[in-house]
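These are the residues of each chain, in order.
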Amino acid sequence: MQPHSRHFKANAEAALREPNLQAALKQLELGFVAGRQRCYEALPEFESLRDRAKDILDHTLDNLDAYLLEYEARVIESGGKLHWASTPLEAREIVIRICRDAEAKTVIRGKSMVGEEIGINDALEAAGFEVTETDLGEYILQLAKEPPSHIVAPAIHKTKDEISDLFLEHHRDLGFTRRQTERSALVNEARQVLRGKFLAADVGITGANFLIAETGSNVIVTNEGNGDLTSTLPRVQIVTAAIDKVVPTLEDASLLLRLLARSATGQDITAYTTFTTGPRRKQDADGPVEYHVVLIDNHRSEMLGSELRPMLRCIRCGACMNHCPVYGRIGGHAYGWIYPGPMGSVLTPIMLGLDEAGHLPNACTLNGRCETVCPVKIPLPRLLRSLRSRQHLQRQNSSLARVALSLWTWVALRPRLYQMLTWPAMSLLSRLGLKRGGFRRMPFASGWTRVRDLPTPQGSTFQVLWQQQQRGRK
Amino acid sequence: MSAAREQVLARIRSALGRGELGKAQLAELRERIARHPRQIEPAFSEPPQQRFRQKLEAAEASFVALDTLAEVAAEVERYLDASAAPKRLVTSGDELLRALEWPESIELRVWPAKGDDKVSLTAAHCGIAETGSLLLVSGEQNPTSLNFLPDYHIVVLRADQLLLRMEDAWDSLRASFTQMPRTVNFISGPSKTADVEQTVEYGAHGPRYLHVILVG
């Protein structure tokens, strides 16, 4: 998709005025957030699982080249083909070449964020293939020609009414002439339409939640079973996966699976967890005859060598966005690309550049909720701060902000001067605001007071209080 | 695309500030893979069969425990009657199922499944108590499509195949197969989606109903 992260501020303001989106986001708090909390309380080992998950993934990243080569060897041994791609363009070319070589006409997709990342659907359609998304949420968005607004629940912003209209518009020619209004009827209609696509498809493309170095397997986690039909019915299967998806063993994957669904949707385990290894065997009753994996770097090796390395532990559960107060008010589209919320605010500037996505690391209050719930303990606030530092060092923030920051730094490094300047300002504000309890307007601070009050200072500065407390201790 | 392969590997190594790993280090990693150490396995106090059943039922699967295999056919018929489902089954060629004797009222066909088959009957490789999951593996007699295409999926599992955790299933697979089967499905309930207004609906793409028969 064409990114529009540079319009973050306008996007966010528009999102705040979308009543349907606001209702959906409120529901998220009741659903995913409450569900995760229930899982957390029911599993005393949750914290130790998080620690271990971090250790396993750090160990894997420290040895990433070796584990990828082990994985590659097992894929080839099991009869599969492995293709490496540095960039989204290379990945798209590989996928298109495989489809052409297979003389395919129709392609079905199982939901995959890396597929979105490399823009595979548009590329396949431009190359003349008929592409159908099979995850219900992604299918709805394909009809609506919209990008996902959540990495786990992509169509979270769509209302039942909108879906009814979309289905009537697109399914009428297929014989579904009644506008369905019940949820179950909508799901059923999509099931019937997509069943035909599954049975007819030449190529199935899925992502991977994990890749297993021990066996050369890819793991797919779904509730719908669409990933399984996509992996089973077409004669060619293509797995698109990023290099940070590999883990050493089946046991390592088992540990991560205990965290994934709990953190994502508040389930102990999803309805389907599937390990797929190579094409169908000679004696197998069904399954694809060709199995390809496209391994994609797309700036991940660059992150590996920087302070952003912890981001490569991400298992794409979406807990960070579910718990983010900013995401919770503006939803995913405002972030302007496919990865929203805290994880997206780290990934998007790396993948698209700070020029495009410079607003995102700043759209964060550093409240730390994301880090608290992250199943693999990614220090998201620290990573966002480090992107802000990069912006400052690369002179990508506004010159006014740079001057103000330099001035503030200069003052802050001189405690006496700092006190001399802050004390009178504080005591003036304190006296002015005592009666009112707060300020509704403030010169030079309209950015703050336009949408909220500035509380009245309570009569003393931190430095003064600190000194008093220290004296008291002695 | 071997150029991309070399580039990606070179970038990874340069990011890690080292060259290719030495023989000893590689041997250590391969040893870790060969040893596949178990990680943290959460404790649970319920008897395995009770937990298995509770987890499955919480995921809207139905469950029945029988004493002997001889009762399976009658149970299948009872279930199909109660569900008003057609008495036409597509089954896998699993040994366990081949041994069953069927009444004439039930029509049986051995795989593969077609898009319009309504009921399938398969046997599980094992069950997992921790999560209430069935493990089904693909193979000569076990097409994966049986697990996903029909509306009703009936799975038979022997009680001695009920294991505690996913890690036990890995050990069982390693003991039973020299190579990972092409497809290993952990099935923990019927197909569902919450993609329409975050409300769960069953029967998204896979089976609308999952019926588990535990024998022994």
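From a predicted model like this one, the values you see are computed outputs, not experimental measurements. (Residues numbered from 1 in each chain as written. Chains lettered and ligands numbered in written order. Predicted model: local features only at pLDDT ≥ 70, side-chain atom pairs only at ≥ 80, totals over all residues.)

S.K.: Describe in detail the overall build of chain A, supporting the description with residues and values.
M.R.: Counting its regular elements, chain A contains 23 helices and 12 strands. Taken over C-alpha atoms, the radius of gyration comes to 25 Å for chain A, in line with the 23 Å a tight globule of 474 residues would show. Overall, chain A is about 85 × 55 × 45 Å in size when its C-alpha atoms are taken along their principal axes. The burial tally for chain A puts 49% of its 474 residues in the buried class. Excluding contacts between residues fewer than 6 apart, the proportion of contacts in chain A whose partners are at least 24 apart in sequence is 73%. (Helix = DSSP H or I, 4+ residues; strand = E, 2+ residues; numbered from the N terminus. Rg over C-alpha atoms; globule rule 2.2 N^0.38 Å. Buried ≥ 20, exposed ≤ 12 C-beta atoms within 10 Å, placed from the backbone. Contact = placed C-beta atoms within 7 Å.)

S.K.: Tell me what's going on with the overall build of chain B, and back it up with residues and numbers.
M.R.: When you go through chain B residue by residue, the secondary structure sums to 6 helices and 12 strands. At 21 Å, chain B has a C-alpha radius of gyration far larger than the 17 Å of a compact globule built from 216 residues. If you line up chain B on its principal axes, its C-alpha atoms span 70 × 40 × 40 Å.

S.K.: Lay out the domain arrangement of chain A in plain terms, naming residues and giving numbers.
M.R.: Domain annotation of chain A identifies domain 1 (43-300) and domain 2 (415-473). In this structure, domain 1 of chain A and domain 2 of chain A have C-alpha centres spaced 54 Å apart. (Domains from an automatic or database assignment.)

S.K.: Quick rundown of the packing of helix α9 (residues 160-171) of chain A against helix α10 (residues 183-200) of chain A? Include the residues and the values.
M.R.: All names here are of chain A. Remark: α9 packs on α10, axes separated minimally by 11 Å, with the N-to-C direction vectors making an angle of 35°. Read as a crossing pair, α9 and α10 show a hand that is left-handed. Together, K160, I163, S164, F167 and H171 of α9 and R183, L186, E189 and V193 of α10 make up the contact between the two elements. In terms of residue class, the contact of α9 with α10 is made up of 4 nonpolar, 2 polar and 3 charged. (Axes fitted to C-alpha atoms, helices over the stretch in contact; angles between N-to-C directions. Left-handed = near helix turned anticlockwise from the far one by under 90°. Nonpolar A, V, L, I, M, F, W, Y, C, P; charged D, E, K, R; others polar.)

S.K.: An account of the interface of chain A and chain B is requested, with residue identities and associated values reported.
M.R.: Quoted interface sizes are often the accessible area lost when the parts come together. With 79 residues of chain A at the interface, the matching set in chain B holds 65 residues. In terms of residue count, the dominant contributor to the side of chain A that touches chain B is α10(A) (8 residues). Residue composition of the side of chain A that touches chain B, grouped by class: 30 nonpolar, 28 polar and 21 charged. Taken together, the 5 bridges between strand β9 (residues 272-276) of chain A and strand β9 (residues 183-187) of chain B define a ladder with antiparallel strand orientation. Paired with A:F275 across the bridge in β9(B) is B:V184. (Pairing = 2+ DSSP bridges.)

S.K.: Residue-level account of helix α8 (residues 136-144) of chain A, with values.
M.R.: Within an α-helix, residues lying three or four positions from one another point in the same direction, as the helix has 3.6 residues per turn. Every buried residue of α8(A) is listed here: A:L136, A:G137, A:E138, A:Y139, A:I140 and A:L141. Residues of α8(A) that are buried make contact with β3 (130-133), α9 and α10 of chain A together with β10 (192-193) of chain B. In the stretch just after α8(A), A:K145 is the one whose phi turns positive, near 55°.

S.K.: Describe in detail the domain arrangement of chain B, supporting the description with residues and values.
M.R.: When its domains are assigned, chain B resolves into domain 1 (2-35) and domain 2 (48-215). Taking only C-alpha atoms into account, the centre of domain 1 of chain B sits 41 Å from that of domain 2 of chain B.

S.K.: Explain the pairing of strand β12 (residues 209-215) of chain B residue by residue, including any values.
M.R.: Residues and elements named next belong to chain B. Burial analysis of β12 places 7 of its 7 residues in the buried class, which makes it a mostly covered element. Of the two faces of β12, the one holding Y209, H211, I213 and V215 and the one holding L210, V212 and L214 are both buried throughout. As judged from the 5 bridges shared by strand β1 (residues 62-66) and β12, these two strands associate in the parallel manner. Residue L66 lies in a different strand from β12, and its bridge partner there is V215. Summarising the sheet, strand β7 (residues 152-158) and β12 pair through 7 bridges and their orientation is parallel. The partner of V155 across the bridge, within β12, is V212.

S.K.: Tell me about the nonpolar core, and please be specific about residues and values.
M.R.: Formed by 177 residues in total, the largest nonpolar core has its most connected members in A:L256, A:I296, A:V346 and B:L135. When residues of this core are assigned to their parent elements, the largest contribution, 9 residues, is made by helix α12 (residues 250-264) of chain A. With sequence-adjacent residues up to four places away left out, B:L135 is seen in contact with B:A124, B:H125, B:C126, B:I128, B:A169, B:V184 and B:F186. (Core = buried A, V, L, I, M, F, W, Y, C linked by C-beta atoms within 7 Å.)

S.K.: Quick one: what's the story with the sheet that holds strand β10 (residues 290-296) of chain A, residue by residue and with numbers?
M.R.: Residue and element names in this part refer to chain A. Spatially, the 6 strands line up as an open sheet ordered β1-β10-β7-β4-β2-β3, and their pairing is parallel. The open sheet has two edge strands with one neighbour each: β1 (81-85) and β3. Sheet twist, expressed as the average angle between the axes of neighbouring strands with direction ignored, equals 20°. Here strand β7 (residues 236-242) runs beside β10; their pairing, made up of 7 bridges, is parallel. Considered in β10, the bridge of T240 is made with V294.

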